[in-house]
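Chain by chain, the residues run as shown.
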Amino acid sequence: MKKTASLLEHKNKFLIFGCGFSGSFFANTIRKFGCNVLTSSRSTSKDPNNFVFNSEKGVVLDEQIFDGVTHILSCIPPDKNGDDPVLKSLQSKLQDLPLKWVGYLSTTGVYGNTEGGWVSEIDQPNPLQQRSHNRLTCEKKWIESGLPVQIFRLPGIYGPGRSTFEAIKNRKIRVIFKKAQVFSRVHVADITHAIIYLLQNKDCLKFHQIINIADDEPCSQIEVIQYCYDLLGLTMPKPISFEDAKDELSPIAQSFWMENRRISNKLLCETLGYKLIYKNYKIGLKNCYQNS
Ligand SMILES: NC(=O)c1ccc[n+]([C@@H]2O[C@H](COP(=O)([O-])OP(=O)(O)OC[C@H]3O[C@@H](n4cnc5c(N)ncnc54)[C@H](OP(=O)(O)O)[C@@H]3O)[C@@H](O)[C@H]2O)c1
């Protein structure tokens, strides 16, 4: 697809709230396009492009941070009360800015359990966990804010520095088997590059407010773990059944196993034409292996 007037070649200014794993990958990438990028974290850092934002501690942000801002990306999950940290603290401030675009990283947890069935953006969310109810409420609040928001629903995020390799290295791996259970995933680079693709082609693509970003091949956790052990040339420990393992899992880990769904990326990859860099876990994990 021909790129129209590239949003990223001009001197746009991005504020990225929550510069964790996905936020920092996005920030580092768009800086290479020449954008001015400021990022937030909860504690002070030596990085002059970082500012402190902690919704739990009261917010007094320097006004200069907002000067010339054109784009915002929020990568912060709901707080302990279920509120959106950015909207709770800054909604009216953001509404006063002449923003071209606001991105919000959400989760496919809002779809709940489809018992392994495919689920897409047109399906009604059906959250199972309280945190997913909270997330859906935050999505609704972003939409109701009237800001030019685009919501990205994400499955398990992995990439160099955060993948099954780290779990193996840190001896935190549990090889659990649960019949017919699958998980969907996305490589962190595809989150960034899908968003950049949508921004660059904004003028010629129909605007969709909610978009899944996921790879092509949901699969069992065991397949992924086995592949990592194979790349490392090590023998995978013997799997344990979910029934035997579940009492030792944290409540949050247990809750992940209660949901079984395949996330469709057809809107992003077929309708909108984004080409995944890492179509499946094998290609993505090779990248992690080479960069670990
Ligand atoms: N990880 C996954 O597999 C996954 C899957 C689906 C969806 N998601 C969602 O996608 C988004 C990005 O995920 P990620 O894994 O890249 O995130 P991450 O690495 O956990 O980073 C989260 C960021 O939010 C900041 N933050 C958290 N609570 C805050 C608060 N109350 N006030 C201000 N800042 C706060 C953190 O600040 P510090 O830098 O100071 O810690 C951090 O920068 C999140 O909303 C996440 O829930 C994640």
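**Q** Break down the site of the ligand for me, citing the residues and quoting the values.
**A** Taken together, 23 residues lie around the ligand, and F21, S22, R42, R135 and R162 are the ones closest in. In the environment of the ligand, an oxygen atom lies 2.8 Å from a nitrogen or oxygen atom belonging to the backbone of F21. At 3.4 Å, a backbone N or O of P77 approaches an oxygen atom of the ligand. Here the ligand has 900 Å² of accessible area as a free molecule, and 78% of this is covered by the chains. Counting residues per element, the ones that place at least two in the shell around the ligand are α1 (21–31), β5 (101–107) and β8 (156–158). If one sorts the elements of the shell around the ligand by residue count, β5 sits on top with three residues. In the shell around the ligand, the residues fall into 10 nonpolar, nine polar and four charged.

**Q** A description of the pairing of strand β7 (residues 149–154) should follow, citing residues and the corresponding values.
**A** With six of its six residues buried, β7 lies for the most part within the structure. Residues V149, I151 and R153 point to one face of β7 and Q150, F152 and L154 to the other, with burial holding for every one of them. As paired elements, β5 and β7 share six bridges and run parallel to each other. Within β7, the residue paired with T107 across the bridge is L154. With three bridges connecting them, β7 and strand β11 (residues 210–212) associate as parallel partners. If you follow I151 over to β11, its bridge partner there is I210.

Cut-offs and rules
Residues numbered from 1 in each chain as written. Predicted model: local features only at pLDDT ≥ 70, side-chain atom pairs only at ≥ 80, totals over all residues. Heavy atoms only, no water. Near = heavy atom within 4 Å. Polar contact = N/O pair within 3.5 Å; in protein donor to acceptor, adjacent residues only side chain to side chain. Areas by Shrake-Rupley, 256 points an atom, 1.4 Å probe, with all protein chains shown as cover. Helix = DSSP H or I, 4+ residues; strand = E, 2+ residues; numbered from the N terminus. Nonpolar A, V, L, I, M, F, W, Y, C, P; charged D, E, K, R; others polar. Buried < 20%, exposed > 50% of the residue type's maximum accessible area, 1.4 Å probe, protein only. Pairing = 2+ DSSP bridges.

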